[in-house]
Amino acid sequence: MSSKSLPLVFDAPKRGMPPRHLADLSGEQRRAAVAELGEKPFRARQLAQHYFGRLTSDVESMSDVPAASRQRLGQELLPTLLTTVHNLDTDEGWTRKTLWRAHDGTTLESVLMRYPDRATVCVSSQAGCGMACPFCATGQGGLQRNLSTAEIVDQVRLSAAMMRDGDLPGGPGRLSNVVFMGMGEPLANYRRVMEAVHRICDPAPEGLGLAQRSVTVSTVGLAPAIRRMTEEGLQVTLAVSLHAPDDELRDTLVPVNNRWKVEEVLDAARGYAEHTGRRVSVEYALIREMNDHPWRADLLGKLLHRRLGKFAHVNVIPLNPTPGSKWDASPKPVEREFVRRVREAGVSCTVRDTRGQEIAAACGQLAAENG
Ligand code: SAH
């Protein structure tokens, strides 16, 4: 039986990691890869200049690469990783969610948010997520697979191109910030995420040249991975999704807490803060009558003051209800009182603005169900 006559289900590509891409490789690896293809090593630099500098992966536009080499180099080092399924715009166009399809049919999302003084893209590090936090849309579907380094970098590259091309209101601009707060647990895809940070931050033509301080890696609190990240010598911001100051409640809100308790997570975060001199962003999704009690605010303030001291910053995220869930945001007066009490303990605390709610692009709403 020829493959043509097989039912469609057998023709579906196997879910798996994408082919190798330039953005998976360090400068040295790129030169080796190009040499293996029988090309001059300096072609690696040319390709990188086009990809990271001009934000393009279209080999036919690379006029300094001989026409005869383009196709092969493109196939081997610049395969198409992400295609747009659709863009959804909201906040008068200042927020754009993009649903991407990967080579194997896997879908994933990223969200680009433009502000008067900056533009931030929220990227996915995995398709789906295995952490199973009950209030998060991504957590409900389980993990499909890790994203490759290049699949992560390509979300940033394509967002930077949208900004440069003026696809959002306000004219052409520059992508300034990256947050690993899309789908997935970045530290569960550790090596690829760290490589991606390098490609995002290393100066062109080695990378996209964003400032490390403008990149935030957000984690449920995989303590050993936080300790490992401390040794990387990076300056990126660490965000820890705490959501409860006490183990009893956190065991249910962030199931991985059953493995690494609040104190161990905060101690790992403190290690990172001391090593880098960077404040840690403590994420707290405020959920009505779940974790918004005045006594929990007091406990949170006390705990962070003791464990993180001046390095603590609390980011309160009003809960974004996900379809079919029993969870809801706290009323504004309860939120204000919560913030007041945390501050009273001497810990800085702000409320996250909530972009993208109408298009299910807000924190914890990315689910890619319509892939
Ligand atoms: N796995 C990483 C990144 C996930 S998303 C982490 O947990 O940190 C980034 C943030 O959005 C996390 O703090 C996450 O807990 C939060 N979040 C998830 N679902 C949410 C929801 N429904 N409303 C508000 N915040 C949510």
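Keep in mind that this is a model prediction, so the values were computed, not measured.

**Focus: the overall build of the protein chain**
The number of helices and strands found in the protein chain is twelve helices and twelve strands. For the protein chain, the C-alpha radius of gyration of 22 Å lies close to 21 Å, the compact-globule estimate for 371 residues. C-alpha atoms of the protein chain, sized along the principal axes, occupy 70 × 50 × 40 Å. Looking at the protein chain as a whole, 56% of its 371 residues qualify as buried. In the protein chain, 47 positive and 44 negative side-chain charges are present, and the distance between their average locations comes to 3 Å.

**Some details on the side chain of E109**
As for its position among the elements, E109 is in strand β3 (residues 107-114). Under the relative-accessibility criterion, E109 is labelled buried at 1%. Within the structure, the side chain of E109 is placed 3.2 Å from the backbone nitrogen of A367, a separation counted as a polar contact. In this structure, E109 is in contact with K97, T98, L99, W100, S124, Q155, M183, L366, A367 and A368, ignoring residues within four places of it in sequence.

**Description of the packing of aromatic side chains**
Per the counting criterion, the structure on display carries two aromatic pairs. The side chain of R118 reaches across the aromatic face of Y115, ending 4.1 Å from its centre. The side chain of K326 reaches across the aromatic face of W327, ending 5.0 Å from its centre.

**Re the site of the ligand**
For the ligand, the set of nearby residues contains 20 residues, the closest of which are F135, S218, S241, H243 and N320. Contacts to the ligand include N320, whose backbone N or O atom sits 2.8 Å from a nitrogen atom. Considering the ligand on its own, with 530 Å² of exposed area, one finds that the protein chains cover 96% of that surface. Listing elements by their share of the shell around the ligand, those giving two or more residues are β8 (215-219) and β10 (280-286). Looking at the shell around the ligand, its residues break down into ten nonpolar, eight polar and two charged.

**Overview of the nonpolar core**
The biggest cluster of nonpolar side chains holds 117 residues, and the ones touching the most others in it are F180, L304 and V314. No other element matches helix α6 (residues 149-164), which puts nine residues into this core. If you count residues domain by domain, this core takes at least three from each of domain 1 (22-77) and domain 2 (83-370). Contact partners of L304, with chain neighbours within four places excluded, come to L242, L266, V282, G309, A312, V314 and V347.

**A closer look at the pairing of strand β12 (residues 348-351)**
Two strands pair when backbone bridges link them, and strand β11 (residues 312-318) and β12 are joined in this way by four bridges, in the parallel orientation. Within the sheet, the bridge partner assigned to V314 lies in β12 and is C349. For the segment spanning β11, helix α12 (residues 332-344) and β12, crossover handedness is right-handed.

**Some thoughts on unusual backbone geometry**
At the junction of A204 and P205, the peptide bond is cis and its omega measures out at 5° in the coordinates. Considering the arrangement of structural elements, one finds P205 in the loop between α7 (190-201) and β8.

**What to know about the UniProt feature "active site" (unreviewed entry) in the protein chain**
Per the UniProt entry, the sites bearing "active site" (unreviewed entry) are E109 and C363 in this numbering. For this annotated set, covering 255 residues, all C-alpha atoms fall within 11.9 Å of each other, a compact arrangement in space. Engagement of the side chain of E109 in a polar contact is seen with the side chain of K97, the distance being 3.2 Å. The residues contacting C363, other than those within four sequence positions of it, are I317, N320 and R352.

Cut-offs and rules
- Sequence order as written defines residue numbering, which begins from 1 separately in each chain.
- Local features in this predicted model are restricted to residues of pLDDT 70 or higher, and side-chain atom pairs are both shown and tallied only at a pLDDT of 80 or more, whereas totals for entire chains, interfaces and linings draw on every residue.
- Note: side-chain values were computed over all heavy atoms of the structure, leaving out hydrogens and water.
- Only runs of H or I of at least four residues qualify as helices and only runs of E of at least two qualify as strands under DSSP, and these elements are numbered from the N terminus.
- In this setup the radius of gyration rests on C-alpha atoms only. A globule is expected at 2.2 Å times the number of residues raised to 0.38.
- For every residue, the accessible area obtained with a 1.4 Å probe (protein chains only) is divided by the maximum for its type, and the residue is called buried under 20%, exposed over 50%, and partly exposed between those limits.
- In this charge count, Lys and Arg are treated as positive and Asp and Glu as negative; neither His nor the chain ends contribute.
- Where a charge sits is defined by one atom per residue type, namely NZ (Lys), CZ (Arg), CG (Asp) or CD (Glu).
- Under this definition, polar contacts are N or O atom pairs within 3.5 Å; protein pairs additionally need one hydrogen-donor-capable and one acceptor-capable atom, and for neighbouring residues in sequence, both atoms have to be side-chain atoms.
- In what follows, a contact means two residues having at least one pair of non-hydrogen atoms within 4.5 Å.
- When two rings of Phe, Tyr or Trp (its six-membered ring) have centres within 6.5 Å they constitute a pair, described as stacked for plane angles under 30 degrees, edge-to-face for angles over 60, and tilted for the intermediate range.
- Two conditions define a charge located above a ring, namely a distance within 6 Å from the ring centre to NZ of Lys or CZ of Arg, and an angle within 35 degrees of the ring normal.
- Nearness here has a simple test: a residue counts as near a molecule or strand if at least one of its heavy atoms is within 4 Å of that partner.
- For accessible areas, the Shrake-Rupley method is used with a probe of radius 1.4 Å. Any residue's cover is judged against the shown protein chains and nothing else.
- Classes in brief: Ala, Val, Leu, Ile, Met, Phe, Trp, Tyr, Cys and Pro nonpolar; Asp, Glu, Lys and Arg charged; the others, Gly included, polar.
- Put simply, buried Ala, Val, Leu, Ile, Met, Phe, Trp, Tyr and Cys residues joined by side-chain atoms within 4.5 Å make one nonpolar core.
- For each domain, the first and last residues come from an automatic or database assignment.
- At least two DSSP bridges between two strands are required for those strands to pair.
- For crossovers, right-handed means that the path from the first strand over the helix to the second runs clockwise, given strands pointing away from the viewer.
- UniProt positions are given in the numbering used here, feature names are shortened, and annotations may be inferred rather than shown by experiment.

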